[in-house]
Amino acid sequence: MASDVTNLRLWRKAKARQEKKAAADRNAAEHGIPKPVAGLARARTEQARRQLDAHRLDPPGPGLPDAPDESGGTDEGDGA
């Protein structure tokens, strides 16, 4: 006699989730960066870093700072 009872609260929540996912998918397709493009950007950045490191005149060694001190002076003696 009676058909299946539908819980309207659950049905509305499911519909809202479905609409939210569809909107998120549209936004991702419109604004997202494809994985191959992002991977290419990472690879180019890494390659540029390696190239710059390979052309350093004074490669930093153990215990040596990566950049010169901002004071511009030497640390020898008392400086007077």
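Heads up: the structure comes first, above all this text.
These figures come from a predicted structure and were not determined experimentally.

Asks: Honestly, the overall build of the chain in this entry has me stumped. Any pointers?
Replies: Secondary structure summary: the chain contains two helices and zero strands in total. Here the chain holds 80 residues, and 0% of them are scored as buried. Roughly 8100 Å² of accessible area belongs to the chain as shown, and the carbon and sulfur atoms make up 56% of that amount.

Asks: Whenever I open this one, the pattern of salt bridges confuses me. Can you help?
Replies: Tallied over the entire structure, the rule returns four salt bridges. A salt bridge links Glu46 to Arg49; the nearest nitrogen and oxygen atoms lie 2.4 Å apart. Of this pair, Glu46 and Arg49 are both found in helix α2 (residues 35-54), three residues apart, which corresponds to roughly one turn of the helix. A salt bridge links Asp53 to Arg56, with the nearest nitrogen and oxygen atoms 3.4 Å apart.

Asks: Is there a simple way to explain a positive patch on the surface in this structure?
Replies: A grouping of Arg9, Arg12, Lys13 and Arg17 is seen on the molecular surface, where their side chains present a positively charged patch. Residue classification places Arg17 among the exposed residues on the basis of a relative accessible area of 56%.

Calculation criteria
Residues numbered from 1 in each chain as written. Predicted model: local features only at pLDDT ≥ 70, side-chain atom pairs only at ≥ 80, totals over all residues. Heavy atoms only, no water. Helix = DSSP H or I, 4+ residues; strand = E, 2+ residues; numbered from the N terminus. Buried < 20%, exposed > 50% of the residue type's maximum accessible area, 1.4 Å probe, protein only. Areas by Shrake-Rupley, 256 points an atom, 1.4 Å probe, with all protein chains shown as cover. Salt bridge = Lys/Arg side-chain N within 4 Å of Asp/Glu carboxyl O. Patch = residues over 30% accessible without salt bridge, like charges linked within 9 Å, V, L, I, M, F, W, Y side chains within 5 Å. Lys, Arg positive; Asp, Glu negative; His and termini not counted. Charge placed at Lys NZ, Arg CZ, Asp CG, Glu CD.

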